[in-house]
Amino acid sequence: MTPAGSRAGSPAGQPGGHGGRVEVSGLTWRPYGRREPILADLDLVIPAGQRVLLVGPSGSGKSTLLRALAGVLQAADSGDLSGSITVDGQPPHARAGAVGLVLQEPGSGVVAATVGRDVAFGLENTAVPRELMPSRVRTALAAVRLDMPQDTPTHALSGGEQQRLALAGALALEPTLLLLDEPTAMLDPGNAAAVRACVGEVVEQQRLTTVVVEHRLGPWVDFADRLLVLDRAGRLVADGSPRGVLAEHGSALADQGIWVPGVPDPQPTSVPSGVFGGGPLGANVVAVDAADVTVRRSVRTLNGATHATLAVSHQWLQARAGQTTALVGPSGSGKSTLMLALAGLVEIDDGVVRAHPSLAPHGERSPRNWDTVDLARAFAWVPQWSSSTIVARSVLDEVLTTARAVGLVETEARARSSALLDLLGLGHLAHADPRHLSGGEQRRLAMAAAVVHQPALLLADEATVGQDRLTWSAVMGIVEALRDAGSAVVLTTHDDAVVTRADRTVVLERPAQPGHPAQPRRSLVARCGPLSLLAGSALAVPAGVLAPHWTTSLAVLATQAALAVIGLLAPGEGPRPRGRLTRVLVRLLPGVIGAASVAWSTWLFGTRDLEVAAGAALRVLIIVFPSAVLIPFVDPDALGDHLAQRLRLPARPVVASAAALQRVHTFGDIWAEIARARRVRGIGATPRSPRAVLAEVGALTLGMLVRSLQAAANLAVAMDARGFSTAYRRTWWAPAPWRRADTVVVVCCLLPLGVALLG
Amino acid sequence: MSTTNTPTLTERRSASIRASRPLMGWRTVDLLTITFLGAAFGVAYWAWGQVYSAPGDALSALFPPLAAVVGAPWLLAGVVGGLVVRRPGAALLCEVLAALVSMLPGTKWGFSTFIAGVLQGLGAEAAFAILGYGAFGIAAAALAGALAAPLEAVYEWFTYWMDWSWGWKIAYLLILTASGAVIAGVGGWLLTRALASAGALNAFPPGQEARDHRAV
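Bear in mind the structure is a predicted one, so any value in this text is a computation, not a measurement.

**Let's talk about the overall build of chain A**
Logical step 1: Counting its secondary structure elements, chain A contains 22 helices and 17 strands.
Logical step 2: Relative to a compact globule of 759 residues, whose C-alpha radius of gyration would be 27 Å, chain A shows 29 Å and is just as compact.
Logical step 3: Along the first, second and third principal axes, the C-alpha set of chain A runs to 90 × 80 × 50 Å.
Logical step 4: Looking at chain A as a whole, 51% of its 759 residues are labelled buried.
Logical step 5: Sequence-distant contacts, at least 24 apart, represent 77% of the contacts inside chain A between residues at least 6 apart.

Here it is in structure tokens:
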């Protein structure tokens, strides 16, 4: 054992004091519900400062081992764990942040709304005083070469930047052991190289012990000192210098599906002729044509504001029968959106999308206007997130869903389904519940389900992500067989092996975003914190209830209106804020309708007394009106700070609530994506059938819940890796001051209550 | 856990798997699951707030207190939160967060939405507390759905239905309680089971129950 870093007292992040020696003995992990353990009696010693590359076929427990080393194995899963793991002689979580973990999916570990605050998350958890945070955050961001302002919103970062942000968040806690779980698997080549360069620099400078899990070894071989290979049963089967292990076991590893450098790319599996019949279009005929297409996407945030971005700007794309088109470009360049536009699955703001006349039902050439069955017959789409689009309870039924919706002959569809499932290595799972398959298996299942009715156009979003060499061959074999049968294929991809095989490649650039207009002046109430705004809204409830008579209610409402006008004034320099009145009226409209309906039912079914009805309506308006004015100015990000620091609510539930609030805007996207997947599979809701609409709403709600629970589980792992599990007493990045404006707004909101009491 | 073969009510109760000890030892994943569930319900609540008035008005044209039936879906979050995490406070936190999320983009009721969330959450929480955080079957869920209603109904008496006769007010309370038991209680129980069998609750007692069920 190295003398340095072996005691908790020596600050491991100190220059020269680097530790990070890992000892694993007898580690066994069996999640509940599995017969066989994922890791079985594993022994491993990693000396301080070593760089380990950990590989193995899908399902060999690589990611599981990383989570075990980080001490977060049971953060989001439950099972039988035995054996021991120590880092410098201590359990991995003895010092929060001693072990840094970066997860595969960019953004899955993002906790906060801004870059600076996200990096500071671990510092908050370990109760670092606020005044020391900025310098440590700056240092960590500089180490990963992120040079944007610290108040940049995290959702505006590209995938590669989000991975570097996650790395910075780990580095801020001065880890001695750094764990990277396929950090570049979901990135384009440029971003992947940038992330690898950052990791290389940081590990070199800080002499961190590092374990990288990757299934594409090539780019990491020069980085690593040691290569560890796990087999499917979770046992260590090879251990040594990367070159040595690859020389000895290289071809065996490739045969198991691992992407070994130097071994030529696999060939697509040949699909027996006869699986697919002849296509509807002649070779090279344009199946769908997107001309000069522009798509804007708007994100609606919690406080009702919308942020529009330009997703696709004046792009052209043709999908030709019998050809594969690869759409490439950095993340954020609009590949997925352009693909969706091609199939009429998103609203386009400018340009034309037209299908070939022979595909157009009833002469309607714009796919956006087709009904769900017509769309499914011609087009298919494999989304990147295939898990949430599963609709059936067996793998075979899942594959047959679209075939049944479009009325394919059942025997023919079944024969083709079996052939496809066998090819994709899913044949033995035909009667399994598709929701219990692994992510890679679900992606392959989605591919089979998309092509079984032989659509004229196949769209696939990153179809080869996470596939090993064997399944890669099967997926590409099916794609090329469909193409050879005369379908048009469009693939978005970061995978060079896919691009090389494509007939045509279209490169997209990130569209230039319109510049931000000058910041308008702020209303007076915008200067208040969230607690005073909510308190002001709350005071309206007793004001409404206590007003004894409708004349008093009218006086209360008049007082509120006068205060609202003052509160919305925006004195000062700069452009005038727009739409203040409209925003209040829009928010008030439902309240007005509610007031009218209360008045109506009070009058009609009650005393038939107009004065009583008017009183009831005014009461509702008094209760709602201040909320319509004040609540739009509540900043959800600041709410957590104030609840914890001002009201002294327990820190961990508040942080968890803030993390959920800052993800809410993504739920709408999930909902839209599942709706899209159902539509293109022929089972979307049609207004003709109320039952189908109800079934759709149920399926979408369940799908949204499942996805948000998965996000919660991933975030739990990321947060625990940054010291959240013990953060009962923590510090806060942002202060939560109670200003004079807060007192003023509360006093003002007491005025209508006073009027009600005096009246 | 019981060794007898005759299924009794108490035995079925003890068949619920409790949260890991200590009950107040909230794991990070417990907290995040509750807050994410709450936020997702909040989005759904907001959407329901946009469309509920059509069926609501139709029902109140028959008999005004029947409007309570369309109020029951707003009681779901507390029931589901309690059923999933099974720790003290889960039902309350889930319902309150759902109310908060549905309030921020703007609803008909303004801040009243938040007060309603607290009252409904307290009701559902009370049900799980009465059962000692040890029973999470369909009957417990129905109780939670039912108890989520009374405080809310009384609050509405004083804000919206002040001018109704006492008969109608009582009828409103009873109808909200009954539809809470069915729509939020039984509905919430079914939803929790669906989430568990979708594999989304593996780290939680309902996920474990679903696995045991499959294993049989």
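**Some points on the overall build of chain B**
Logical step 1: A tally of regular secondary structure across chain B gives nine helices and zero strands.
Logical step 2: Its helices and strands taken in sequence order, chain B reads α-α-α-α-α-α-α-α-α from the N to the C terminus.
Logical step 3: The C-alpha atoms of chain B give 17 Å as radius of gyration, which agrees with the globular expectation for 216 residues (17 Å, within 12%).
Logical step 4: Seen along its three principal axes, the alpha-carbon backbone of chain B occupies a region of about 55 × 40 × 25 Å.
Logical step 5: Out of the 216 residues in chain B, the part that is buried amounts to 61%.
Logical step 6: Sequence separation of 24 or more characterises 74% of the internal contacts of chain B that already satisfy a separation of 6 or more.

**Focus on the packing of helix α4 (residues 159–171) of chain A against helix α5 (residues 189–206) of chain A**
All names here are of chain A.
Logical step 1: Packing of α4 against α5 leaves a shortest axis separation of 8 Å and a crossing angle of 15 degrees. In terms of axis orientation, α4 runs roughly parallel to α5. Crossing hand, α4 versus α5: right-handed. Mapping the contact onto sequence places G159, G160, Q163, R164, L167 and L171 in α4 and N191, A194, V195, C198, V199 and V202 in α5.
Logical step 2: Here the residues of the contact of α4 with α5 are counted per class, giving seven nonpolar, four polar and one charged.

**Re the interface of chain A and chain B**
Logical step 1: Between chain A and chain B, the contact holds 66 residues from the first and 45 residues from the second.
Logical step 2: Only α14 (530–546), α16 (580–605), α17 (610–630), α19 (651–661), α20 (664–680) and α21 (690–720) of chain A provide two or more residues apiece to the side of chain A that touches chain B.
Logical step 3: At 15 residues, α21 of chain A tops the list of elements feeding residues into the side of chain A that touches chain B.
Logical step 4: Each residue belonging to the side of chain A that touches chain B can be placed in one class, and the counts come to 40 nonpolar, 20 polar and six charged.

**A look at the sheet that holds strand β17 (residues 504–507) of chain A**
All names here are of chain A.
Logical step 1: Taken in spatial order, the five strands line up as β14-β15-β16-β12-β17 in an open sheet, and their pairing is parallel. The strands lining the two open edges of the sheet, one partner per strand, are β14 (379–382) and β17. Adjacent strand axes in the sheet meet at a mean angle of 15 degrees, parallel and antiparallel pairs treated alike.
Logical step 2: Both strand β12 (residues 324–328) and β17 contribute to a ladder of four bridges, which runs parallel. From the neighbouring strand, T325 faces β17, where its bridge partner is R504.

**What about the sheet that holds strand β5 (residues 99–102) of chain A?**
Residue and element names in this part refer to chain A.
Logical step 1: The strand order β5-β6-β7-β3-β8-β9 describes an open sheet built from six strands, whose pairing is mixed. In this open sheet, the two edge strands, each paired with only one partner strand, are β5 and β9 (236–240). Averaged over neighbouring strand pairs, the angle between their axes works out to 15 degrees when direction is ignored.
Logical step 2: The pairing of strand β3 (residues 51–55) with strand β8 (residues 226–230) spans four bridges and is parallel. Looking across to β8, one finds that L53 is bridged to L227.
Logical step 3: Here helix α1 (residues 62–69) sits on the sheet in contact with β3, β5, β6 (177–181), β7 (209–213) and β8, set at roughly 150 degrees to β7.
Logical step 4: Along the sheet face, α4 touches β5 and β6 and points at about 170 degrees away from the line of β5.

**Some remarks on the domain arrangement of chain A**
All names here are of chain A.
Logical step 1: Parsing chain A into structural domains produces domain 1 (49–60 + 92–255), domain 2 (286–507) and domain 3 (521–684 + 729–759).
Logical step 2: Placing the centre of domain 1 and that of domain 2 at their C-alpha centroids yields a distance of 31 Å.
Logical step 3: With 14 residues of domain 1 at the contact, the number on the domain 2 side is 10 residues.
Logical step 4: Of the residues that constitute the side of domain 1 that touches domain 2, the class distribution is six nonpolar, seven polar and one charged.

**Re the packing of α19 of chain A against helix α2 (residues 28–51) of chain B**
Logical step 1: Viewed as axis vectors pointing N to C, α19 of chain A and α2 of chain B meet at an angle of 40 degrees, and their least axial separation amounts to 8 Å. Here α19 of chain A is positioned oblique relative to α2 of chain B, judged by the angle of their axes. The two elements α19 of chain A and α2 of chain B cross, and the hand of that crossing is right-handed. On α2 of chain B, the residues that touch R652, P653, A656, S657, A659, A660 and L661 of chain A of α19 of chain A are L31, L32, T35, F36, G38 and A39 of chain B.

**Considerations on the environment of M133 of chain A**
Residues and elements named next belong to chain A.
Logical step 1: Relative to the helices and strands, M133 is located in helix α3 (residues 133–143).
Logical step 2: Look at M133 and you get buried, because 21 C-beta atoms sit within 10 Å.
Logical step 3: Taking C-alpha positions, M133 is 50 Å from R681, a pair spaced 548 residues apart along the chain.
Logical step 4: Excluding anything up to four places from it in sequence, M133 contacts A120, L123, V128 and W733.

**Overview of the environment of G61 of chain A**
Logical step 1: On the secondary structure map, G61 of chain A appears in the loop between β3 and α1.
Logical step 2: In this structure G61 of chain A comes out as buried when scored by C-beta crowding, with 23 C-beta atoms within 10 Å.

**Comments concerning helix α12 (residues 469–484) of chain A**
Logical step 1: For α12 of chain A, spanning 16 residues, the distance from its first C-alpha to its last is 22 Å, which sits close to the expected 22 Å at 1.5 Å a residue.
Logical step 2: Listed as buried for α12 of chain A are R469, T471, W472, A474, V475, M476, I478, V479, A481, L482 and R483 of chain A.

**Some points on the nonpolar core**
Logical step 1: Ranked by internal contacts, the top residues of the largest apolar core, which has 313 residues, are A341, L342, M447, L459 and I478 of chain A together with V79 and A144 of chain B.
Logical step 2: Look past the residues within four positions of V79 of chain B in its chain and what remains in contact with it is A91, A124, A141, A144, G145, A148, A184, G185 and G188 of chain B.

**A few points about the environment of I631 of chain A**
Logical step 1: Checked against the element boundaries, I631 of chain A lands in the loop between α17 and α18 (636–645).
Logical step 2: Here I631 of chain A falls in the buried class, since 25 other C-beta atoms lie within 10 Å of it.
Logical step 3: Along the backbone, I631 of chain A and V556 of chain A are 75 residues apart, and their C-alpha atoms lie at a distance of 19 Å.
Logical step 4: Once residues within four sequence positions are removed from consideration, I631 of chain A is found in contact with L533 and S537 of chain A together with M103, L104, G106 and G110 of chain B.

**Focus on unusual backbone geometry**
Logical step 1: A cis amide bond links R21 of chain B with the next residue in sequence, P22 of chain B, at an omega value of -10 degrees.
Logical step 2: You will see that R145 of chain A, though not glycine, has its phi angle at about 60 degrees, which is positive.
Logical step 3: Secondary-structure assignment places R145 of chain A in the loop between α3 and α4.
Logical step 4: Judged by local crowding, R145 of chain A falls into the partly exposed class, with 14 C-beta atoms found within 10 Å.

**A look at the pairing of strand β16 (residues 488–492) of chain A**
All names here are of chain A.
Logical step 1: Most of β16 sits out of view: five of its five residues are buried.
Logical step 2: As judged from the four bridges shared by β12 and β16, these two strands associate in the parallel manner. The residue bridging A326 from the neighbouring strand is L491, located in β16.
Logical step 3: Bridge analysis of strand β15 (residues 457–461) against β16 gives five bridges, and the strand direction is parallel. Counterpart to L457 in the pairing with β16 is A488.
Logical step 4: At this point the chain moves from β15, through α12, to the parallel β16, and the crossover so formed is right-handed.

**A closer look at the confidence of the model for chain B**
Residue and element names in this part refer to chain B.
Logical step 1: Taken over all residues, the pLDDT of chain B has a mean of 88, while the share at 70 or more is 93%.
Logical step 2: Helix α1 (residues 9–14) is the least confidently modelled element of chain B, averaging 42 in pLDDT, while helix α4 (residues 76–85) averages 97, the highest of any element.
Logical step 3: This stretch, residues 1–14, has a pLDDT under 50; its non-local contacts, to residues over four places away or in other chains, come to nine contacts.
Logical step 4: We note a pTM of 0.89 for the whole complex and an ipTM of 0.91 for its interfaces.

**Some remarks on helix α10 (residues 410–423) of chain A**
Residue and element names in this part refer to chain A.
Logical step 1: Over its 14 residues, α10 runs 20 Å from end to end, which matches the ideal 20 Å to within 8%, given 1.5 Å per residue.
Logical step 2: Where α10 is buried, its residues meet α9 (395–405), α11 (439–451) and α12.
Logical step 3: Of the residues flanking the end of α10, it is G425, one or two places downstream, whose phi is positive at about 75 degrees.

**So, the confidence of the model for chain A**
Logical step 1: Residues with a pLDDT of 70 or more make up 96% of chain A, whose mean pLDDT is 88.
Logical step 2: When the criterion is pLDDT under 50, residues 1–17 of chain A qualifies, and its contacts beyond four places in sequence or with other chains add up to 33 contacts.

Conventions and cut-offs
Residues numbered from 1 in each chain as written. Chains lettered and ligands numbered in written order. Predicted model: local features only at pLDDT ≥ 70, side-chain atom pairs only at ≥ 80, totals over all residues. Helix = DSSP H or I, 4+ residues; strand = E, 2+ residues; numbered from the N terminus. Rg over C-alpha atoms; globule rule 2.2 N^0.38 Å. Buried ≥ 20, exposed ≤ 12 C-beta atoms within 10 Å, placed from the backbone. Contact = placed C-beta atoms within 7 Å. Axes fitted to C-alpha atoms, helices over the stretch in contact; angles between N-to-C directions. Parallel < 35°, antiparallel > 145°, perpendicular 65-115°, else oblique. Left-handed = near helix turned anticlockwise from the far one by under 90°. Nonpolar A, V, L, I, M, F, W, Y, C, P; charged D, E, K, R; others polar. Pairing = 2+ DSSP bridges. Domains from an automatic or database assignment. Expected span 1.5 Å × (residues − 1). Core = buried A, V, L, I, M, F, W, Y, C linked by C-beta atoms within 7 Å. Right-handed = clockwise from strand over helix to strand, strands pointing away. pLDDT = per-residue confidence, 0-100.

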